[in-house]
Amino acid sequence: MLVLQQVSIAYGSATVVKDVSLSLQQGQIGCLLGPSGCGKTSLLRAIAGFEPVQTGSVILADKNLSEPNHMIDPEQRRIGMVFQDFALFPHLTVAQNIAFGLKKKPKAQQQQIVAELLALVGLPTLGERYVHQLSGGQQQRVALARALAPEPEVLLLDEPFSGLDADLREALAQDIRAIIKQRGISALMVTHDQFEAFAMADQIGVMQHGKLQQWGSAYELYHQPANRFVADFVGHGALLKGEVLADGKVYTALGVFAQTQSTFTPGVALDLLVRPDDIVHDDQSGVTAKVVGKSFRGSHILYSLELEGAEQVYCLAPSHHDHQLHSRIGIKLELDHLVLFPRA
Amino acid sequence: MTSPLFSRTITVFALLLAVPVLVVLGSLVTPQPQLWTHLLDTVLADYVINSLVLALGVGLLSAGIGTFTAWTVARYQFAGRTLVQWLLLLPMAIPAYIMAYSYTGLLDFAGPVQSELRLWFNWSYGDYYFPEIRSLPGAILMLSLVLYPYVYMLARTAFRQQSGSLLEASRTLGLTPRQHFWKVALPVARPAILTGAALAMMEALADYGTVQYFGVTTFTTGIFRTWFGMGNQLGAAQLSALLCSFVLLLLYLEQWSRRKLKFYQQGQKQQEQSRQPVQGLTGFSLLLLCLLPVIFGFFLPALQLVGWALERLEQLWSADFVQLLINSFSLAALTAVVTASLALCFAYAKRLSGHWSLVLPVRVAAMGYALPGTVIAIGVMIPLAALDNSIDLWAERQFGIRTGLLLSGTLVALVLAYTVRFMAVALHSVEAGLMNITPSMDNAARSLGESPVGVLKRVHLPLLRASVLSALLLVFVDVLKELPATLLLRPFNFNTLSVRSYELASDERLADAALPALAIVLIGLIPVILLSRALDRSNRGAT
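On a predicted model such as this, the values are computed, not experimentally measured, just so you know.

1. Focus on the overall build of chain B
Tallying secondary structure elements over chain B gives 22 helices and two strands in all. Relative to the globule expectation of 24 Å for 543 residues, the C-alpha radius of gyration of chain B, 25 Å, shows essentially globular dimensions. Based on the C-alpha atoms only, the size of chain B along its principal axes is roughly 85 × 80 × 50 Å. Out of the 543 residues belonging to chain B, those deemed buried represent 52%. When contacts within chain B are restricted to residue pairs at least 6 apart in sequence, those whose partners lie at least 24 apart make up 83%. Put simply, chain B shows about 25,100 Å² of open surface, and 67% of that area lies on carbon and sulfur atoms.

Structure (structure tokens):
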């Protein structure tokens, strides 16, 4: 189990990671998601032992790896890493790259491990090639095999798909997830792409300005975002102006709703998060809204709809419901729970 | 990351290498009105005008030859193209001063060309006009013939990297291929051509052997004359400072166009343009045109040298020649090791800390490549002589013994000057090698269980070997070819191939000078061959 306790990281006087705590169970895949410069890569490097922590501690299997003024060397940590640029050694063959971290093992065993890993990542015949003879996706697989070879307890992946073509990413993400799950180790990935995070991770942490905004499953991030930033960063959505009425219910342009947890007192101004899948298109419905924008997504069309009072929401409709711009279409609300933020 | 002791040592070494430049520029602080009035009244105008005309002439001519050959080789497919593509680099192997006296031997009154002409047309002395090679235009021609490869190399890469769709875009917008060259291809390659021309002009300003042999008075010959003829060391330093300002101007031009180079080559898809096939007579004439600079810049002078050397073949086993070889090789090897080791330290210091207190001195130390050997020699001589004098004085007072010239009259001065001059060559090579080792490779090796020392051994050492070797080789060859600094700083009675060949040629013993000259040319071929292979590789990488 990997545990971070109130970790802060600073470069000089600039604090780039503030007070981050999280834990990753054995066999779980975690992901740090956030815009560039949010501190996610610094956090990953601190776990690997390339950056010192200013406060807090990094604990792996009950062993303290990093504390202020105390750092275990990266080579002593049993943490594997896949780098953004893969960092494969150009002077070595694929097999020699994978065997790099196995020098303490006898030759025969090294060869056996290399062969197993090459088979695992789907490149059983490429062991004698040099790195520059491989495609980007193949290099990625070699980098993974090399990191897995010394049997690390945790695998770290820094933007592992950013250098690859879009159509390659999804297939590779599925493969790599399967491989990590098959090895039964924990993994922590860093990315700025939420779809990569959804495809790979069991637990996702959203970071902004060096702080961990929320740590949870993809479902939780999408449907129960902890704050406005998470709501905005993960998925599409619109915020509708709302107000708490005297009886504690919330009034919005889409109607009046009871609060799931009545935390807001009457008179407070609020914003209600409405996801595209909260609004269901229904030609029979009496409630209508005006189409002001549409974007074809293959199986679905994402409509931008204008409500009474000029507020806008999104609606995801099956793509054979092809309506004209400026026409009015019937909608039905399917709000399971209210996500409310006090208005800034 | 680095220990303070290490970075301080590196800073000291880098500052030490910056001393010659600073001494030369610092000489301006002590005014010498008498000398300068004298110079102004007599030769200064000659120095300035001749140096400028020489530099500009060499810049224009080498840009012309280099651009034409680069465009032809990059854009047309004709019989013999692959061969001529690397033959065009050969003239780099011949130092300009060796060209100068080879051509003098070929073209003077008693030489084969004029003799044949007289025989054919039955002329005798005074019947005909023949251009004098030993002149300013002659010097421009000699220097351009060996320096155009700078432009050729950079322009060829620039033309190669121009996307194929660029020509297609021009054609769809109504330009003929000829108009495309003038309106698009040439402007896009301009930063590369300018960079090459600036490098050639710097070399032209640095030249001493050619202009001295041809009797053209320039800054470099003036510095020698002021130092030895007038015995005015400070004056020589001040002239050097003036020459430096011209060079720094060129250096600025070079750096400025290099920055543009990055900008111009950015954002263009590397879509290879196929070469236009040219057959028959047109193809043959293209081949011939591209061969002209090679014939005049390499084969003709080389054949002349071989002819002379064959006449004096018995020299090859003489004790004198063997001694020359030993002197030159050991000096070059010593300098190569010192320079490459220092370059390695500098490069690592920069990689590990990147603090300005390290980066700035290293950058100043690497400026030496732009400075003429003459200037560096003066900058080394003055402080070392002062140091020798004070040590001598101190030793006499303390122990009653005289130490004499401890440093300035010895190989120490020479090696120091070479190190200053060629540090940039070694640093460039080592830094390029180190750049291929990304920081994440270090991290990857560490997280795979390797200690810092282990990372050096298993990752850095094997990956750096080639670039350190090429740094050693480049410095070795450059030292062998270097003339003016060696002339000024060599210990008494210590001769090298370049000095000996130059002295013999100056005494009009051209045939005797050929063997050492040929040795320099042959060794000079090694880096040219390596360079052409590296160029081929980078061009293939772009496809």
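2. Notes on the domain arrangement of chain A
All names here are of chain A. Per the domain assignment, the segments of chain A are domain 1 (2–231) and domain 2 (236–342). Placing a centre on the C-alpha atoms of domain 1 and another on those of domain 2 gives a separation of 38 Å. On the domain 2 side, the residues contacting the nine residues of domain 1 number eleven residues. Taken over both partners, the interface formed by domain 1 and domain 2 buries close to 840 Å², and the fraction arising from carbon and sulfur atoms is 46%. Of all residues in domain 1, the largest losses of buried area upon contact with domain 2 belong to Y222, H223 and R228, amounting jointly to 65% of the total for that side. The tally of links from domain 1 across to domain 2 stands at one salt bridge. Of the charged contacts, one joins D271 and R228 as a salt bridge, the two residues approaching to 2.6 Å between their closest N and O atoms. The interface formed by domain 1 and domain 2 contains six residue pairs in polar contact (both at pLDDT 80 or more).

3. Focus on the packing of helix 16 (residues 373–399) of chain B against helix 17 (residues 411–435) of chain B
All names here are of chain B. Between helix 16 and helix 17, whose axes approach to 9 Å, the crossing angle comes to 135°. What the angle tells us is that helix 16 and helix 17 run oblique. The way helix 16 lies across helix 17 gives a crossing that is right-handed. Contact with helix 16, carried on its side by G373, I376, V380 and L384, involves A413, L416, A417, V420 and R421 of helix 17 and no other residues of that element.

4. Focus on the nonpolar core
Judged by nonpolar contacts, the single largest core of 204 residues is most densely connected at L43 and L156 of chain A together with Y101, F159, L305, F346 and L489 of chain B. At 15 residues, the largest contribution of residues to this core is made by helix 7 (residues 136–161) of chain B. Setting aside residues no more than four positions away along its own chain, L489 of chain B makes contact with A377, V380, M381, S408, T410, A413, L414 and A417 of chain B. In this structure, F86, L117, L118 and V206 of chain A belong to the second largest nonpolar core, which totals 50 residues.

5. Examining the domain arrangement of chain B
In many reports, interface size means the accessible area that the parts give up when they come together. Residue and element names in this part refer to chain B. What the domain assignment reports for chain B is domain 1 (56–266) and domain 2 (312–543). Computed from C-alpha atoms alone, the centre-to-centre distance between domain 1 and domain 2 is 25 Å. Surface buried jointly by domain 1 and domain 2 totals about 3,300 Å² across both partners, of which 75% is contributed by carbon and sulfur atoms. Summed over the shared surface of domain 1 and domain 2, the number is one salt bridge. The salt bridge partner of R134 is E508, with a shortest N-O separation of 3.3 Å. Along the contact surface separating domain 1 from domain 2 lie four residue pairs in polar contact (both at pLDDT 80 or more). Contributing elements (two or more residues each) for the side of domain 1 that touches domain 2: helix 4 (81–87), helix 5 (96–107), helix 7, helix 9 (177–206), helix 10 (209–214), helix 11 (219–229) and helix 12 (233–264). Broken down by element, the side of domain 1 that touches domain 2 gets its largest block of residues, eleven residues, from helix 12. When the residues that make up the side of domain 1 that touches domain 2 are grouped by side-chain class, the tally is 28 nonpolar, nine polar and five charged.

6. A short note on the interface of chain B and chain A
Taken residue by residue, the interface counts 17 residues in chain B and 20 residues in chain A. Interface of chain B and chain A: buried area, both sides summed, is about 1,700 Å²; carbon and sulfur atoms make up 62% of it. Applying the counting criterion to the chain B and chain A interface returns three salt bridges. The salt bridge partner of K103 of chain A is E450 of chain B, with a shortest N-O separation of 3.0 Å. Our count for the contact surface shared by chain B and chain A stands at five residue pairs in polar contact (both at pLDDT 80 or more). Ranked by the residues each element gives to the side of chain B that touches chain A, the list is headed by helix 18 (residues 439–447) of chain B, at seven residues.

7. A look at the confidence of the model for chain B
Residue and element names in this part refer to chain B. A residue-level look at chain B finds 96% of positions with pLDDT of 70 or above and a mean pLDDT of 85. Considering each helix and strand of chain B separately, the mean pLDDT is smallest for helix 8 (residues 164–172), with a value of 76, and largest for helix 3 (residues 44–75), with 93. Scored by ipTM, the complex comes to 0.79, with pTM at 0.78.

8. Description of a nonpolar patch on the surface
All names here are of chain B. Taken together, the side chains of F68, L289, L292, I295, F296, F299 and L300 make up a nonpolar region of the molecular surface, amounting to roughly 550 Å² of accessible area. Among the elements that take part in the nonpolar patch, helix 13 (residues 280–311) stands out by supplying six residues, more than any other. Along the polypeptide, F299 turns up in helix 13. Residue F299 is classed as partly exposed on the basis of its relative accessible area of 35%.

9. Thoughts on the UniProt feature "domain: ABC transporter" (unreviewed entry) in chain A
The positions that UniProt labels "domain: ABC transporter" (unreviewed entry) are, in the present scheme, residues 2–234 of chain A. When the span residues 2–234 of chain A is considered, its composition is 33% helix and 28% strand, and the gap between its end C-alpha atoms is 25 Å.

10. Here we look at unusual backbone geometry
All names here are of chain A. With a phi angle near 65°, N69 is a residue other than glycine that sits in the positive phi range. The residue N69 is located in the loop between strand 5 (63–67) and strand 6 (70–71) in this model. Positive phi values are uncommon outside glycine, yet R78 reaches one of about 60°. With respect to the helices and strands, R78 occurs in the loop between strand 6 and strand 7 (79–82).

11. Here we look at the state of the cysteines
A complete count under the given rule lists zero disulfides over all chains for this structure. C31 of chain A provides the cysteine sulfur closest to C38 of chain A, a residue in no disulfide bond, and the two sulfurs are 10 Å apart.

12. As for the pairing of strand 19 (residues 312–318) of chain A
Residue and element names in this part refer to chain A. Strand direction decides the pairing type here: strand 18 (residues 300–306) and strand 19, joined by seven bridges, are antiparallel. Residue I301 lies in a different strand from strand 19, and its bridge partner there is A317. Between strand 18 and the antiparallel strand that follows it, strand 19, lie five residues; G309 among them carries a positive phi value of about 85°.

13. Things to note about the sheet that holds strand 10 (residues 203–208) of chain A
Residue and element names in this part refer to chain A. Read across the open sheet, the six strands follow the order 7-8-9-3-10-11; overall the sheet is mixed. Each edge of the open sheet is held by one strand with a lone partner, namely strand 7 and strand 11 (211–216). Across this sheet, the average inter-strand angle for adjacent strands is 20°, counted without regard to direction. Where strand 7 meets strand 8 (residues 154–158), four bridges bridge the pair, whose relative direction is parallel. Following the sheet pairing, I79 is matched in strand 8 by V154.

14. A closer look at the UniProt feature "domain: ABC transmembrane type-1" (unreviewed entry) in chain B
All names here are of chain B. Here the UniProt feature "domain: ABC transmembrane type-1" (unreviewed entry) sits at residues 48–255 and 325–531. With 78% helix and 1% strand, the stretch residues 48–255 has end C-alpha atoms that lie 24 Å from each other. The span residues 325–531 is 81% helical and 0% strand by assignment, and the distance between its end C-alpha atoms comes to 25 Å.

15. Focus: the pairing of strand 18 of chain A
All names here are of chain A. Counting buried residues along strand 18, five of its seven residues qualify, which places the element largely inside the surrounding structure. Inspection of the sheet shows strand 17 (residues 288–296) paired to strand 18 by six bridges, in the antiparallel sense. Bridge pairing in strand 18 places K290 opposite E306.

Definitions and limits used
Residues numbered from 1 in each chain as written. Chains lettered and ligands numbered in written order. Predicted model: local features only at pLDDT ≥ 70, side-chain atom pairs only at ≥ 80, totals over all residues. Heavy atoms only, no water. Helix = DSSP H or I, 4+ residues; strand = E, 2+ residues; numbered from the N terminus. Rg over C-alpha atoms; globule rule 2.2 N^0.38 Å. Buried < 20%, exposed > 50% of the residue type's maximum accessible area, 1.4 Å probe, protein only. Contact = heavy atoms within 4.5 Å. Areas by Shrake-Rupley, 256 points an atom, 1.4 Å probe, with all protein chains shown as cover. Domains from an automatic or database assignment. Buried area = accessible area lost by both parts, 1.4 Å probe. Salt bridge = Lys/Arg side-chain N within 4 Å of Asp/Glu carboxyl O. Polar contact = N/O pair within 3.5 Å; in protein donor to acceptor, adjacent residues only side chain to side chain. Axes fitted to C-alpha atoms, helices over the stretch in contact; angles between N-to-C directions. Parallel < 35°, antiparallel > 145°, perpendicular 65-115°, else oblique. Left-handed = near helix turned anticlockwise from the far one by under 90°. Core = buried A, V, L, I, M, F, W, Y, C linked by side-chain atoms within 4.5 Å. Nonpolar A, V, L, I, M, F, W, Y, C, P; charged D, E, K, R; others polar. pLDDT = per-residue confidence, 0-100. Patch = residues over 30% accessible without salt bridge, like charges linked within 9 Å, V, L, I, M, F, W, Y side chains within 5 Å. UniProt positions renumbered as here; feature names shortened; annotations may be inferred. Disulfide = S-S within 2.5 Å. Pairing = 2+ DSSP bridges.

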